[in-house]
Amino acid sequence: MYRCMSSLYFLKRGRSLTNTSFSKPLSWITENKCIPAAFNCFLCHGIQLTSTSPVPHGTLKTQLRGLTPRPPIPRYMSSRAPRRRLPSAFPVLDGAFQPIHNHVFEENARNSQVCLKRYMELKKKVLNGGGVNAIAHHTQKNKKVLVRDRLRMLLDDEDYLELSPFAGFGLPYGDIPSAGCITGIGKINGLWCVFIANDATVKGGTAYPITVKKQLRAQEVSMQNRLPCVYLVDSGGAFLPLQSDIFPDKNHGGRIFYNEAVMSAVKIPQVALVCGSCTAGGAYVPTLAEEVVIVHSIGTIFLAGPPLVKAATGEEVIPEDLGGATLHSEVSGCVDHFAAVESEGYECTRNIISTLNFELPEENTTEVEEPLYSAEELMGLAPKSYNYSMDVRLIVCRLTDGSQLQEFKARYGTTLLTGFARIEGHQVGIVANNGELTYEASLKGSHFVQLCDQRDIPLIFLQNTAPQPVHTLSQAKAEMNTNRLKAQGSMMSAVACASTPKITVVIGGCHGGDSYAMCGRAFDPNFLFLWPNARVSILAPGYAGALAQDEEETMRINEQ
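Sequence order as written defines the numbering, with residues in each chain counted from 1. Residues qualify for local features only when their pLDDT is at least 70, as the model is predicted, and side-chain atom pairs are given and counted only at 80 or more; totals for whole chains, interfaces and linings, by contrast, use all residues. Side-chain calculation: all heavy atoms of the structure are included, whereas hydrogens and water are not.

1. As for the overall build of the protein
Filter applied, for reference: Secondary structure elements are taken from DSSP: a helix is a run of H or I of four residues or more, a strand is a run of E of two residues or more, and numbering for both begins at the N terminus. Each residue gets one of three labels from its accessible area relative to the maximum for its type: buried under 20%, exposed over 50%, partly exposed in between, using a 1.4 Å probe on protein chains only. Throughout, a residue-residue contact means that at least one pair of heavy atoms, one from each residue, lies within 4.5 Å. In this description, accessible areas are obtained by the Shrake-Rupley approach with a 1.4 Å probe, and a residue is regarded as covered only by the protein chains that are shown.
Helices and strands together make up the secondary structure of the protein, namely 16 helices and 16 strands. Across the 560 residues of the protein, 54% fall into the buried class. Intrachain contacts of the protein at a sequence separation of at least 6 include 72% that bridge at least 24 residues. For the protein, the exposed surface amounts to about 24600 Å²; the carbon and sulfur share of it is 55%.

So this is what it looks like as structure tokens:
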């Protein structure tokens, strides 16, 4: 499900578009290897602002070039000439384990095995989509291709990054595997694109609240990184019993169509392939795209299907006559390309992508130095408990090239690690929790984030924030907490205003206000990933006693 990226383009808002490539799919899933290694692999391969070509499995070749301001009108061609990078000689971190680490390492490793087992169970449910009966109905009765097979026909290969694959589990209205749609970033005719593909085996492709949220996030990725967007539409429209959570508000279903219009206005290409029903709200998705392909006999577009027409007028009409491929390609003009079969539709979509007039940057073949320590050891470094987590430098040295880090303010605010490093050849700034965000640590973080923003250096945040509530037991303690909050506010402002690309990985706990200063979801990182052991909450489990009124309430909150 999770795919490893050898490169992904993270672009500042308002900058021009270049392109990137991914590496081979992760093998650690099927081989029962370390889950945290996947996210290490993402970091090691994922910070890239220019393009590379696909590389053989086991080789990691990427490049990074600085960005310069562009004219106000967005452009899609890269006009930058390759530039030679300044050499670096960062100090090497000592990542060797000490005897005192062994019992913590072993406990963490056991916990990671539990996380791996749970991950595999959820992955199996995701791949099963709407279940055996729904799959049979989709393929045998409706004569349609499964959504993951559609992606295989559309994309150059299977080296894509899937976004939010586990969205939709454990919701009040039931399990909606993958939220009823697959979103991600994949390569089409050499160009990296965002894709949004409905899975009609899940509730007939109808949109639930979580479906809308996932599609809006994919469009946000497309806009934020200026990547073309391709829609594979096979949807029955909104799930009407939950329409109050789908239709009326700002970030509900209508926002999808608003985003399509805005993306078109800022010249982000959008292509839609109608490979199933486009009913009600689903009908607006293709009609707002720049170019539309429809598949004969299975693709339909209408606001009201045959059952509603019969109920309203008494007229009986078949879907093909009401809104089929022939009607919309020959009469209404709603679609631009007619495909006799599905395979032809995906080939047509690929051809459309080739007309976007993109130019890709030249490939840089600079050799990259591997970390000195094994990424598989992250299995025992993924913390089970914040109280027993080890020095974050042990994690950083398993991510960075040559296990090197040029630490910034190493002796000040030591509960926060900051420094410059290279990951797969890309210079990045590391901001990693080594304890709680104290007054000094917050000032240090603020300074470092502003420095990276000034130098156009992407930021990597490794979150493992303190779970303990802040107690105010005296006037001196109150003054110290006040100063700490002021310093955290300064760091929050620096993070919020930084225009450089930001990636956040929660490696342990993400608790309370510290998550804001460390670029949590509310502070709009380009991407946010959680290790399977990660926990996100206002207050960590086990710490409710300081706030709850009685023991029973304390137990209830901790369990929740």
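2. Here we look at the sheet that holds strand β9 (residues 406-407)
Put simply, the test is: Strands are treated as partners if at least two bridges between them are detected by DSSP. An axis is simply a line fitted to the C-alpha atoms; with a helix, the fit covers only the stretch in contact. Between two such axes, the angle follows the N-to-C directions and lies from 0 to 180 degrees.
Taking strand neighbours across the sheet as the criterion, the six strands line up as β9-β10-β11-β12-β13-β15 in an open arrangement whose pairing is mixed. Since the sheet does not close on itself, it has two edges, and those belong to β9 and β15 (527-530), each with one partner. In this sheet, strand β10 (residues 416-423) lies alongside β9 in antiparallel orientation, the contact comprising two bridges. In the sheet register, E407 faces β10, and the bridge partner there is G419. Across the sheet, helix α13 (residues 439-454) lies against β10, β11 (426-433) and β12 (459-463), angled at about 25° from β10, the strand it touches most.

3. Quick word on the pairing of strand β3 (residues 191-198)
Heads up, the rule is: Handedness of a crossover is defined as follows: orient the strands so they point away from the viewer, and if the path from the first strand over the helix to the second runs clockwise, the crossover is right-handed.
With eight of eight residues buried, β3 lies mostly within the body of the structure. The side-chain alternation of β3 yields two buried faces, one formed by L191, C193, F195 and A197 and the other by W192, V194, I196 and N198. Bridging between strand β2 (residues 181-188) and β3 involves eight bridges; their strand directions are antiparallel. When the bridges of β3 are listed, C181 appears paired with N198. Two strands pair when backbone bridges link them, and β3 and strand β4 (residues 229-235) are joined in this way by four bridges, in the parallel orientation. Looking at β4, one finds that A197 is bridged to L232. The β-α-β motif built from β3, the intervening helix α5 (residues 209-225) and the parallel element β4 has right-handed crossover chirality.

4. Digging into the packing of aromatic side chains
Selection rule: For Phe, Tyr and Trp, where Trp contributes only its six-membered ring, two rings pair if their centres lie within 6.5 Å, and the inter-plane angle classes them as stacked under 30 degrees, edge-to-face over 60, or tilted in between. Our definition puts a charge over a ring when NZ of Lys or CZ of Arg is within 6 Å of the ring centre and also within 35 degrees of the ring normal.
For the coordinates displayed, the defined rule picks out ten aromatic pairs. Taking the centre distance of 6.3 Å and the plane angle of 15° together, the rings of F527 and F529 count as stacked. Judged by its relative accessible area of 2%, F527 falls in the buried class. Given the relative accessible area of 9%, F529 is considered buried. Across from the ring centre of Y412, 5.7 Å away, lies the NZ or CZ of K409, which sits over that ring.

5. Points about the pattern of salt bridges
To keep things clear, this is the line we draw: What counts as a salt bridge is simple: a side-chain nitrogen of Lys or Arg found within 4 Å of a carboxyl oxygen of Asp or Glu.
In the structure shown here, the tally under the stated rule is 18 salt bridges. Between E121 and R118 there is a salt bridge, with the nearest N and O atoms lying 3.8 Å from each other. Remark: R118 and E121 occur in helix α2 (residues 102-127); sequence separation between them is three residues, near one turn of the helix. E121 sits in the partly exposed class, given a relative accessible area of 39%. The partner of D156 in a salt bridge is R350, with the nearest N and O atoms 2.7 Å apart. With D156 in the loop between α4 (147-154) and β1 (161-163) and R350 in helix α11 (residues 342-353), the pair connects residues that are 194 residues apart, well separated along the chain. Taking the relative accessible area as the measure of exposure, D156 reaches 32% and is therefore partly exposed. Counted as one network, the salt bridges with shared partners bring together K144, R150, D234 and E342.

6. Digging into the environment of A283
Assignment of secondary structure puts A283 in the loop between β5 (270-279) and α7 (284-287). Using a relative accessible area of 5% as the deciding quantity, one classes A283 as buried. The sequence separation of A283 and G236 amounts to 47 residues, and the corresponding C-alpha distance is 9.2 Å. A283 has contacts with C278, I301, F302 and L303, leaving out every residue within four places of it along the chain.

7. Brief notes about the side chain of Q215
Here Q215 shows up in helix α5. Apart from residues no more than four positions distant in its own chain, Q215 is found in contact with C181, I196, N198 and I256.

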